Amino acid sequence: MPHRPHLAQLRRLLLLPCSSVPVPVPARRLSSPRAMASSSVSAAAAAAQAGGAVAAAEYEDVMGRLSSLITQKVRAHSGNRGNQWDLMAHYLQILELEEPIARMKVIHVAGTKGKGSTCTFTEAILRSCGFSTGLFTSPHLMDVRERFRLNGVDISEEKFLKYFWWCWNKLKEKTDDDIPMPTYFRFLALLAFKIFSAEQVDVAVLEVGLGGKFDATNVVEAPVVCGIASLGYDHMEILGNTLGEIAGEKAGIFKKGVPAYTAPQPEEAMIALKQRASELGVSLQVAHPLEPHQLKDQHLGLRGEHQYVNAGLAVALASTWLEKQGHVERIPLNRTDPLPDQFISGLSNASLQGRAQIITDSQVNSGEEDKDCSLVFYLDGAHSPESMEICARWFSHVTKEDRTVPSSMVQSQSCGNSQKILLFNCMSVRDPMRLLPHLLDTSTQNGVHFEMALFVPNQSQYNKLGTNSSAPAEPEQIDLSWQLSLQRVWQKLLHGDKGMNNTNSSENSLVFESLPLAMEWLRTNARQNRSTSFQVLVTGSLHLVGDVLRLVKK
């Protein structure tokens, strides 16, 4: 029987019925029905509040346990390539998941960029067709439950806790020095398999975490169909230095006899994918980008021109899944005619935070006194050279001529001018000279110039999973060497070698000790410059995007 240490006992104590505690009643003082009702309501409210506090404490406890699984080994460590991948078989046995996974109707998607969007579109299409769906993606932006969607909605806290304890207790009981507890992502993948099998979803859409061959999701031996989203240079410290090597790792999800689709790829990547497919006898087809007319004047739920590539792959994956499950009548007749209405409905209603997302800062943009100032965040988790270009094109397009925000966020007419600001961080294993030039050059080519660039550490590196977001108490403990190096790269791009040693760089770039300090700087400037619209592009890291979302929505 799964146990929840201590907190469950505390919950029971706090929620004991009032009758279990003897309370003296004064003689001849009978409460009126209204008073009794009021007392009952107060007691219920107090019990609910206590229960809420215990639930919050339990959730934080679970977040702490998940955090304990995050390995301190950096991703570039040579041991990460495979990293005892065979342990996954032991974990599946402990959790008795071999049979449930074998029965699961899986769509498996790898790629460098766009795989999360592809999975989101695919799930939305099949849900619109009437099937119950499970969607596993990564990373999360604000809450780990975002990684597990059931029928398009993040898993409830109650279900998450139930399945977490079920997996945690079984693994804790059976693991030891020889078979240690699974690392963080592997545990989450195992948890996803448990959730989707227990909830008996019709289809499970799984996004690969990293690579393909040695990814925790690759324990699925017989998916219904596989997909490879756009490939590019990312995680080179693990996956290889050429597109061919990277493609070979991603093609590790191909299975003999299982159809596979790929988005259009660079020639080097396509050769490697075709070679692996040929070795396995896999039918590999290129899924062409969706044409706008196929949507019958509807817009994709995820914005940006590049999403038509991901949507095209999603249509191919969903169509093949439907065909394999015996629903041939629901699939598109060809790849040129308008799509079936259920496909269009799914594609137009798909949603995924942190991808080409626009959000206003309510702290600045609300209230009568601040009606003239505007602070808008443009969020995109781009973190590869190719996605940097796509991100820059999107930002340039949506900010031109003040086409910045949806009609529900219309800014004051007095905001005659705008300032474009970059808020940036990326992982230290990435080469900023492969990222920032693409961002800056593409923006410049599209007529966008950044007045200021802000470099910050990710908030989430201090508080990886909990609901609180607090920076370290002592500023002197913060290592800003990486952020300072990013600033130097930026200065060099702007001013050549002279910019590398420019001590007065504060004119066009700043480094902050924490994200909240950078946010306060932005808010102060927006309030003090009421006639200016501040348009802030947040990119380089999905974790940074999530941290900004958390602070804006607080």
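Criteria and thresholds
- Residues numbered from 1 in each chain as written.
- Predicted model: local features only at pLDDT ≥ 70, side-chain atom pairs only at ≥ 80, totals over all residues.
- Heavy atoms only, no water.
- Axes fitted to C-alpha atoms, helices over the stretch in contact; angles between N-to-C directions.
- Helix = DSSP H or I, 4+ residues; strand = E, 2+ residues; numbered from the N terminus.
- Parallel < 35°, antiparallel > 145°, perpendicular 65-115°, else oblique.
- Left-handed = near helix turned anticlockwise from the far one by under 90°.
- Contact = heavy atoms within 4.5 Å.
- Nonpolar A, V, L, I, M, F, W, Y, C, P; charged D, E, K, R; others polar.
- Core = buried A, V, L, I, M, F, W, Y, C linked by side-chain atoms within 4.5 Å.
- Buried < 20%, exposed > 50% of the residue type's maximum accessible area, 1.4 Å probe, protein only.
- Pairing = 2+ DSSP bridges.

S.K.: What should I look at first to understand the packing of helix H5 (residues 115-128) against helix H11 (residues 307-324) in this one?
M.R.: Think of two packed helices as two axes; the pair is described by the angle between the axes and how far apart they sit. Where H5 contacts H11, the axes come no closer than 8 Å and their chain directions differ by 45 degrees. In this view, H5 runs oblique relative to H11, as classed from their interaxial angle. Like other packed secondary-structure pairs, H5 and H11 cross with a definite hand, here right-handed. Judged by residue contacts, Ser117, Thr118, Phe121, Thr122, Ile125 and Leu126 of H5 engage Gln307, Asn310, Ala311, Leu313, Ala314, Val315, Leu317, Ala318, Trp321 and Leu322 from H11. Class assignment of the residues belonging to the contact of H5 with H11 gives a composition of 11 nonpolar, five polar and no charged.

S.K.: How should I be thinking about the nonpolar core in this particular structure?
M.R.: Across soluble globular proteins, nonpolar side chains show a tendency to be buried alongside one another. With 49 residues, the main nonpolar core has Leu66, Phe136, Phe148, Phe160, Phe187 and Phe196 as its most contacted residues. Of all the secondary-structure elements, those providing two or more residues to this core are helix H2 (33-67), helix H3 (87-94), strand E3 (148-150), helix H6 (157-174), helix H7 (184-198) and strand E5 (203-207). Here this core takes 11 residues from H7, the largest share from any one element. Counting 37 residues, the second-largest nonpolar core is a separate cluster that includes Leu126, Ala287, Leu300 and Val315.

S.K.: Hey, could you run me through the sheet that holds strand E12 (residues 452-455) in this one?
M.R.: Through backbone hydrogen bonds, the strands of a sheet pair up, either in parallel or in antiparallel fashion. The strand order E9-E10-E14-E11-E12-E13 describes an open sheet built from six strands, whose pairing is mixed. Where the open sheet ends on each side, the last strands, each with one partner, are strand E9 (357-360) and strand E13 (509-511). Neighbouring strand axes in the sheet, compared pairwise and without regard to direction, differ in orientation by 20 degrees on average. Bridge analysis of strand E10 (residues 374-379) against strand E14 (residues 532-539) gives six bridges, and the strand direction is parallel.

S.K.: Whenever I open this one, the pairing of E9 confuses me. Can you help?
M.R.: Within a regular beta strand, the side chains point alternately toward one face of the sheet and then the other, so they alternate between its two faces. Of the two faces of E9, only one is covered, namely that formed by Gln357 and Ile359; the face formed by Ile358 and Thr360 stays uncovered. When E9 meets E10, the two strands line up antiparallel, connected through four bridges. For threonine 360, the partnering residue across the bridge sits in E10 and is valine 376.

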